[in-house]
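Structural characterization, general
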Amino acid sequence: MEKVAVYPGSFDPITNGHLDLLERGLKIFDRIVIAIAANPAKKPLFSLEERIEMIQQSLANSPFQDRVQVDTFQGLLVEYVRKVRANAILRGLRAISDFEYEFQMALMNRKLSNEIETLFLMTAMRWIYISSRIIKEVVTSGGCVNGLVPEPVELKLVEKLRPALQTSL
Ligand code: PNS
């Protein structure tokens, strides 16, 4: 049986930490569906279309791109997981501070759907301090995030957050 995981998140935007987790997840799963949550209440910086495009561009030259799908979902994650006939939810853990929120979500998802397991992978040390939120904060304040996000994402962040500087990249 094909092993398929859903890797859900806001991906606003995708970072190298996300990509590292995806790559490691693909050692366990045959296919991974990156599922971007449509949650306007979170006031994302990028539209769903922009986030899909950035993920696709980031995967364009990767050897595993044919084992990855990019999609969006609304409503309950477990319902989406069932809809795409996946076996598991993949999530990353950086620090202990992530744990409480992730633990709560995983237990709630299990309560909602007993047959879907959540699998956590520890983020690699080199990405441990990265989050989409902190990346946006650094770019907004004029800092450089080169090497922390895929190149198409870096360009898009500068374009969106520092329009006056985009020609200097
Ligand atoms: O990248 P994020 O913002 O930490 O991802 C959070 C996400 C999208 C995985 C989570 O908010 C989610 O699963 N939302 C869908 C709604 C849902 O199923 N809620 C019940 C489980 S807590």
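Scroll up for the structure.
Residues numbered from 1 in each chain as written. Predicted model: local features only at pLDDT ≥ 70, side-chain atom pairs only at ≥ 80, totals over all residues. Heavy atoms only, no water.

1. Observations concerning the nonpolar core
Counting 32 residues, the largest nonpolar core has L22, I32, I55, L59 and L157 as the members making the most contacts within it. The set of elements that each furnish at least two residues to this core consists of β1 (4-9), α1 (16-25), β2 (31-37), α2 (48-59), β3 (68-73), β4 (88-93), α5 (132-140) and α6 (151-161). (Core = buried A, V, L, I, M, F, W, Y, C linked by side-chain atoms within 4.5 Å. Buried < 20%, exposed > 50% of the residue type's maximum accessible area, 1.4 Å probe, protein only. Helix = DSSP H or I, 4+ residues; strand = E, 2+ residues; numbered from the N terminus.)

2. Points about the sheet that holds β3
Taken in spatial order, the five strands make up an open sheet running β3-β2-β1-β4-β5, and their pairing is parallel. Either end of the sheet is taken by a strand with one partner, and the two such strands are β3 and β5 (117-122). Pairs of neighbouring strands in the sheet enclose a mean axial angle of 30°, with direction left out of account. Relative to β3, β2 runs parallel, the two sharing six bridges. Bridging across to β3, I36 finds its partner in T72. The strands that α2 touches are β2 and β3; relative to β2, the one it contacts most, it runs at about 150°. Relative to the sheet, helix α4 (residues 96-112) contacts β4 and β5, its axis offset from that of β4 by approximately 170°. (Pairing = 2+ DSSP bridges. Axes fitted to C-alpha atoms, helices over the stretch in contact; angles between N-to-C directions. Contact = heavy atoms within 4.5 Å.)

3. Section: the pairing of β5
Sheet topology note: the β4/β5 ladder contains six bridges and is parallel. Looking at the pairing, L93 lines up with M122 of β5. Since β4 and β5 lie parallel, the crossover through α4 that links them has a hand, and here it is right-handed. (Right-handed = clockwise from strand over helix to strand, strands pointing away.)

4. Let's talk about the side chain of T15
By the element assignment, T15 lies in the loop between β1 and α1. Taking relative accessible area as the criterion, T15 reaches 3% and is therefore assigned buried. Of note is the side chain of T15, whose polar atom sits 3.2 Å from the backbone nitrogen of G17. If sequence neighbours within four positions are ignored, T15 has contacts with I130, S131, S132, I135, L148, V149 and P150. (Polar contact = N/O pair within 3.5 Å; in protein donor to acceptor, adjacent residues only side chain to side chain.)

5. What about α2?
In this model α2 runs 17 Å from its N-terminal to its C-terminal C-alpha over 12 residues, within 8% of the 16 Å that 1.5 Å per residue would give. Within α2, burial applies to E50, R51, M54, I55, S58 and L59. Each buried residue of α2 sits inside an arc of 160° when the element is viewed along its axis, so together they form one side. Summarising the contacts, the buried residues of α2 are in contact with α1, β2, β3 and α6. (Expected span 1.5 Å × (residues − 1). Arc of directions from axis to C-beta.)

Geometry only, nothing functional implied.
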